[in-house]
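Observations on the three-dimensional arrangement
Here's the letter readout for the chains.
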Amino acid sequence: MINVPVRAAAAVLIAFTLAACSGKPAADKSAEATANAPEEKVLNVYNWSDYIEPGVIAAFTKETGIKVNYDVFDSNEMLETKLLAGNTGYDLVVPSGSFLYRQIKAGVHSTLDKSQLSNLGNADPAIAGRVAKAFDTDNAHSVNYMWGTSGVGYNVKKIKERMPNAPVDSFAMFYDPKIVSKFADCGVMLLDAPSEVLGTVLIYLGKDANSEKPEDLAAAEKVLLSVRKYIRNFNSSAYIEALANGEACLALGWSGDVLQAKSRAESAKNGVEISYNVPKEGAVMFFDQLAIPKDAKHPKNAHLFINYLLRADVAAKNSNFIQYANGNAASKSMIDASVTGNPNVYPSEAMMQKLVPDLPESPEFNRLLTRSWTRVKTGQ
Ligand code: SPD
C-alpha cells in the first residue's frame, strides 16, 4: 500500500506531467486542475433564518453524500459585512437583490456555470426578468430563491379589542401616531432593515419608495421619530415567535415570516390568531438570490445544491413550509392552495403593479440612511 505522503507526491508529479504535456500556460493549468479536482463532500451555506424546510437539507445529503454546514443570519447588512471582509468560508449565500447588486459590482460573487444547473428551466421567467432588470444582468450571478413583501402582521384579537375598525390593511397601523399608540401596550415591532422600512414610510407618504432625496429621507425620519415611543423594538427574526406566542400584537414583517408565526400559533393551539396583509398603499418587494462567493471552496457542491433547490418538488416543499412565494414556475402546481391562493403571498396582478422593488442605494445615500436609522432606533 502507498503511504499518504508518497501518494500525494505521486499525484503532484502526475499533475505536473499532464500540465507539461498540455502546452497551456502554468496559471491556466492550475486553474483548470482546481476546476476539475473532485471536491470534498462538504457545503457551507449561509441563509436567512427560518427560510428552508428542515427536511430539504437532510434529503440533499442523503442523495449526494454532501454534508451541509448551515448557518443563518437575519439581515443583509450582517451578510454583506462578512462578504466584503472576504474568506467567509461560505459556498452559498442568499443576499437580497439590492445588496447583491453592489456585491456583484464589488466582485464578490462568481458567475454561475449554467451548464451545471440543468433545472434552470424551472425558473419563473417573470421573476428572473425582474431580477435581471434591476440587480443581476442576464441572471449571470444568481438564481431567485424566494421573494416577498414587507407588510402588516397582527394579532387579530388584540388589535380588534383595542381598535375595532383598525386599518389593518394600511401602513397607518405603524406610521399614524393616533393609531399605533393604541397598540403600544401589546407590543409593536418593526423590521431592523433600514432601506426597506424607509421604503414603507415613503410609500405611506405617497412618495417613491426608492427616493434618495434628502428631504424625503428627512420626512420619513420625522414620521418614524413621531411613532418611536410606541415601538417596542426593531428586529428581523424574533418577531416571528413573539407574534406566535402573543408577546407582540403588531409587526412590520416579511410575508412568509408572519405566516409562519400564524402556523406556529395554530400548532401550539394557544388561541393566538395571526394575519398578514400587503398594505393597500402598495409595498416594498424583495428578491432573495442564491449566489456563490468567488472564494467558495466548494463551488461544484454549491451548484449542485442550487440545482437541487431548483427542482420543482423541492421548491414546493420549501414554499409550503416557509410560506414565501418562490421563483420557480414549475413548482407552482405542487404548492398548497393555501399558499398559492393567498393574495398576500402571491399577490393579484393589480397588487403586483403596486409592489416596488427595494433598489440598491448609492453609497452616499447609504451613509445618510445609516445615520438616520441610528437616530430612529435610539429615538434621538
Ligand atoms: N426569515 C426569512 C426572511 C427572509 C426575508 N428576506 C428579506 C429580504 C430583505 N430585503
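Bear in mind the structure is a predicted one, so any value in this text is a computation, not a measurement.

**What to know about the overall build of the chain**
The helix and strand inventory of the chain stands at 18 helices and 11 strands. Relative to the compact-globule value of 21 Å for 380 residues, the chain shows a C-alpha radius of gyration of 23 Å, a close match. Dimensions of the chain, computed from C-alpha atoms along their principal axes, come out at roughly 80 × 45 × 40 Å. Pairs at least 24 residues apart make up 74% of the contacts formed inside the chain by residues separated by at least 6 positions. Put simply, the chain shows about 17000 Å² of open surface, and 58% of that area lies on carbon and sulfur atoms. The distance from the centre of the 39 positive side-chain charges to the centre of the 41 negative ones in the chain is 2 Å.

**Looking at the nonpolar core**
Judged by nonpolar contacts, the single largest core of 114 residues is most densely connected at Met173, Phe174, Tyr175, Phe183 and Leu250. Element by element, the count of residues in this core is highest for strand 9 (residues 283–291), at seven residues. Each of two domains, domain 1 (8–147 + 286–349) and domain 2 (149–284 + 361–378), supplies a minimum of three residues to this core. With near-sequence residues (within four places) excluded, Tyr175 lies in contact with Leu190, Val197, Thr200, Val201, Tyr204, Val223, Leu224, Val227 and Leu252.

**Digging into the pattern of salt bridges**
Side chains bearing opposite charge may pair, as long as their charged atoms lie close to each other. Scanning the entire structure with this criterion turns up 13 salt bridges. Between Glu221 and Arg375 there is a salt bridge, and its shortest N-O distance comes to 2.8 Å. Highlighted residues: Glu221 in helix 11 (residues 214–227) and Arg375 in helix 18 (residues 363–378), separated in sequence by 154 residues. The buried category is assigned to Glu221, whose relative accessible area is 12%. Arg375 gets classed as partly exposed once you look at its relative accessible area, which sits at 35%. Residue Glu266 is joined to Lys262 by a salt bridge in which the shortest nitrogen-to-oxygen separation is 3.5 Å. Highlighted residues: Glu266 and Lys262, both in helix 13 (residues 255–268), separated by four residues, approximately one helical turn.

**Overview of the packing of aromatic side chains**
Going through the model one piece at a time under the given rule, you end up with 16 aromatic pairs. Each ring, one from Phe60 and one from Phe305, has its centre 4.8 Å from the other, and the planes form 70°; the classification is edge-to-face. On the criterion of sequence distance, the pair formed by Phe60 in helix 3 (residues 54–64) and Phe305 in helix 14 (residues 299–309) is long-range, its members being 245 residues apart. Here Phe60 matches Phe305 in class, with each residue buried. Judged by centre distance (5.8 Å) and plane angle (55°), the ring pair of Tyr175 and Tyr204 falls under tilted. With a gap of 29 residues between them, Tyr175 in helix 8 (residues 172–175) and Tyr204 in helix 10 (residues 194–204) connect regions that are remote in the sequence. Under the relative-accessibility criterion, Tyr204 is labelled partly exposed at 26%.

**Description of the state of the cysteines**
Scanning all chains against the criterion turns up one disulfide. There is a disulfide in this structure between Cys186 and Cys249, and the S-S distance comes to 2.0 Å. Looking down the S-S bond of the Cys186 and Cys249 bridge, the torsion is 65°, so its handedness is right-handed. With Cys186 in the loop between helix 9 (177–180) and strand 5 (188–190) and Cys249 in the loop between helix 12 (238–244) and strand 7 (250–254), this residue pair connects regions lying 63 residues apart in the sequence. Exposure class is identical for Cys186 and Cys249. Each is buried.

**Topic: the site of the ligand**
In the vicinity of the ligand, the contacting residues are Trp48, Ser49, Asp50, Tyr51, Asn76, Ser96, Glu196, Trp254, Asp257, Phe286, Asp288 and Tyr324. Ser96 is positioned such that a nitrogen or oxygen atom in its side chain is 3.1 Å from a nitrogen atom of the ligand. Counting contributing residues, the shell around the ligand receives three or more from each of domain 1 (8–147 + 286–349) and domain 2 (149–284 + 361–378).

**Overview of the domain arrangement of the chain**
Partitioning the chain into domains gives domain 1 (8–147 + 286–349) and domain 2 (149–284 + 361–378). The C-alpha-based centres of domain 1 and domain 2 are spaced at 30 Å. Opposite the 14 residues of domain 1 that make contact, domain 2 presents 20 residues. Summed over both partners, the interface of domain 1 with domain 2 buries about 1500 Å², with 44% contributed by carbon and sulfur atoms.

**Some remarks on the packing of helix 11 against helix 18**
Taken N-terminus to C-terminus, the directions of helix 11 and helix 18 make an angle of 15°; their axes are 10 Å apart at the nearest point. By the criterion of interaxial angle, the relationship of helix 11 to helix 18 is roughly parallel. Crossing handedness for the pair helix 11 and helix 18: right-handed. Where helix 11 abuts helix 18, its residues Leu217, Glu221, Leu224 and Leu225 lie against Phe365, Leu368, Leu369, Ser372, Trp373, Arg375 and Val376. Split into classes, the residues belonging to the contact of helix 11 with helix 18 amount to eight nonpolar, one polar and two charged.

**Quick word on the confidence of the model for the chain**
One rule of thumb: low pLDDT means the predicted coordinates there are not for detailed reading. In the predicted model, the chain carries a mean pLDDT of 92, and 91% of its residues have values of at least 70. Scored below 50 in pLDDT, residues 1–24 makes seven contacts in the model with residues more than four places away or belonging to other chains.

**Thoughts on the pairing of strand 7**
Strand residues, when the strand is regular, have side chains that alternate between the two faces of the sheet. Counted residue by residue, strand 7 has five buried out of five residues, so it is predominantly covered. Strand direction decides the pairing type here: strand 4 (residues 142–155) and strand 7, joined by five bridges, are antiparallel. Counterpart to Ser150 in the pairing with strand 7 is Trp254. Of the pairings in the sheet, the one linking strand 5 to strand 7 comprises three bridges and is parallel in character. Looking at strand 7, one finds that Val188 is bridged to Leu250.

Calculation criteria
- Residues numbered from 1 in each chain as written.
- Predicted model: local features only at pLDDT ≥ 70, side-chain atom pairs only at ≥ 80, totals over all residues.
- Heavy atoms only, no water.
- Helix = DSSP H or I, 4+ residues; strand = E, 2+ residues; numbered from the N terminus.
- Rg over C-alpha atoms; globule rule 2.2 N^0.38 Å.
- Contact = heavy atoms within 4.5 Å.
- Areas by Shrake-Rupley, 256 points an atom, 1.4 Å probe, with all protein chains shown as cover.
- Lys, Arg positive; Asp, Glu negative; His and termini not counted.
- Charge placed at Lys NZ, Arg CZ, Asp CG, Glu CD.
- Core = buried A, V, L, I, M, F, W, Y, C linked by side-chain atoms within 4.5 Å.
- Buried < 20%, exposed > 50% of the residue type's maximum accessible area, 1.4 Å probe, protein only.
- Domains from an automatic or database assignment.
- Salt bridge = Lys/Arg side-chain N within 4 Å of Asp/Glu carboxyl O.
- Phe/Tyr/Trp six-rings, centres within 6.5 Å; stacked < 30°, edge-to-face > 60°.
- Disulfide = S-S within 2.5 Å.
- Near = heavy atom within 4 Å.
- Polar contact = N/O pair within 3.5 Å; in protein donor to acceptor, adjacent residues only side chain to side chain.
- Buried area = accessible area lost by both parts, 1.4 Å probe.
- Axes fitted to C-alpha atoms, helices over the stretch in contact; angles between N-to-C directions.
- Parallel < 35°, antiparallel > 145°, perpendicular 65-115°, else oblique.
- Left-handed = near helix turned anticlockwise from the far one by under 90°.
- Nonpolar A, V, L, I, M, F, W, Y, C, P; charged D, E, K, R; others polar.
- pLDDT = per-residue confidence, 0-100.
- Pairing = 2+ DSSP bridges.

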